[in-house]
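What follows is the residue order along each chain.
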Amino acid sequence: MNFILQYIDLLWLPLGWFTVQKDQRWIVLIFMITCMFMARMQAELMYAIDYPIGILDFLSIPVLGRAIIIYSFAYMLYLVFLHYMPKNSGSILMASSIAVFFMAFFTSSVVMLL
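Cut-offs and rules
- Residues numbered from 1 in each chain as written.
- Predicted model: local features only at pLDDT ≥ 70, side-chain atom pairs only at ≥ 80, totals over all residues.
- Heavy atoms only, no water.
- Core = buried A, V, L, I, M, F, W, Y, C linked by side-chain atoms within 4.5 Å.
- Buried < 20%, exposed > 50% of the residue type's maximum accessible area, 1.4 Å probe, protein only.
- Helix = DSSP H or I, 4+ residues; strand = E, 2+ residues; numbered from the N terminus.
- Contact = heavy atoms within 4.5 Å.
- Axes fitted to C-alpha atoms, helices over the stretch in contact; angles between N-to-C directions.
- Parallel < 35°, antiparallel > 145°, perpendicular 65-115°, else oblique.
- Nonpolar A, V, L, I, M, F, W, Y, C, P; charged D, E, K, R; others polar.
- Phe/Tyr/Trp six-rings, centres within 6.5 Å; stacked < 30°, edge-to-face > 60°.
- Patch = residues over 30% accessible without salt bridge, like charges linked within 9 Å, V, L, I, M, F, W, Y side chains within 5 Å.
- Areas by Shrake-Rupley, 256 points an atom, 1.4 Å probe, with all protein chains shown as cover.
- Salt bridge = Lys/Arg side-chain N within 4 Å of Asp/Glu carboxyl O.
- Expected span 1.5 Å × (residues − 1).
- Polar contact = N/O pair within 3.5 Å; in protein donor to acceptor, adjacent residues only side chain to side chain.
- Left-handed = near helix turned anticlockwise from the far one by under 90°.

(A) The arrangement of the nonpolar core in detail. Ranked by size, the top nonpolar core spans 27 residues in total, and within it Val 28, Phe 31, Met 32, Tyr 71, Tyr 75 and Tyr 78 carry the most contacts. Contributing elements (two or more residues each) for this core: α2 (12-19), α3 (25-48), α4 (63-84) and α5 (90-113). What Val 28 contacts, discounting residues up to four positions off in sequence, is Gly 16, Val 20, Tyr 78, Leu 79 and Leu 82.

(B) Structural detail: the packing of α2 against α4. Between α2 and α4, the shortest axis-to-axis distance is 11 Å and the interhelical angle comes to 5°. Considering their axes alone, α2 and α4 lie roughly parallel with respect to each other. Side by side, α2 and α4 meet where Trp 12, Leu 15, Gly 16 and Thr 19 of the first sit next to Ser 72, Tyr 75, Met 76 and Leu 79 of the second. Per-class residue counts for the contact of α2 with α4 are five nonpolar, three polar and no charged.

(C) Main features of the packing of aromatic side chains. All chains considered together, the criterion is met by seven aromatic pairs. Ring geometry for Phe 102 against Phe 106: centres 6.2 Å apart, planes inclined by 25°, an arrangement best described as stacked. Here Phe 102 pairs with Phe 106, and both are found in helix α5, just four residues apart, close to one helical turn. On the basis of relative accessible area, Phe 102 is assigned to the partly exposed category, the value being 40%. Counting every residue linked through ring pairs, the aromatic cluster contains Trp 12, Phe 31, Tyr 75 and Tyr 78.

(D) Looking closely at a nonpolar patch on the surface. Taken together, Leu 45, Ile 49, Tyr 51, Ile 55, Leu 56, Phe 58, Leu 59, Leu 113 and Leu 114 make up a surface patch of nonpolar side chains, about 820 Å² in accessible area. Among the structural elements, Leu 56 can be located in the loop between α3 and α4. By relative accessible area, which is 58% here, Leu 56 ends up exposed.

(E) Representation of α5. Given a rise of 1.5 Å per residue, 24 residues ought to cover 34 Å, and the 35 Å separating the end C-alpha atoms of α5 matches this to within 8%. The set of residues buried in α5 consists of Leu 93, Ser 96, Ser 97, Val 100, Phe 101, Ala 104, Ser 108, Val 111 and Met 112. Elements in contact with the buried residues of α5: α3 and α4.

(F) Representation of the side chain of Gln 42 within the structure. Within the secondary structure, Gln 42 sits in helix α3. In terms of polar contacts, Gln 42 uses its side chain to reach the backbone carbonyl oxygen of Phe 105, at 3.3 Å.

(G) Representation of the packing of α3 against α4. It is the contact of α3 with α4, at a shortest axis distance of 9 Å, that shows an interaxial angle of 160°. By the criterion of interaxial angle, the relationship of α3 to α4 is roughly antiparallel. Handedness of the crossing formed by α3 with α4: right-handed. Along the lines of polarity and charge, the residues of the contact of α3 with α4 split into 20 nonpolar, one polar and one charged.

Right, here's the structure in full:
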């Protein structure tokens, strides 16, 4: 069961692939894979400094679970944005990808401290 929960965010990849326009698919996949990689790197950093449930021990959820939750909200926000703005140009799509990525990164960094 732990293996399934560790990789549950992989379910976002087919969802992202099938919900966006054809010309946006590869950028969406790259965005999601990058976010998944960053969530695991943040969790590994917390494990490496011996804080598997956060520095302040405020929440009992492991840091990888917190990262998956935060990044899942980011995926949802990103896909909703692409749904309501389907004809975005490449530069707007890339700018929104970078903005949502850093928003999720900083939010998950703060949540991992708790």
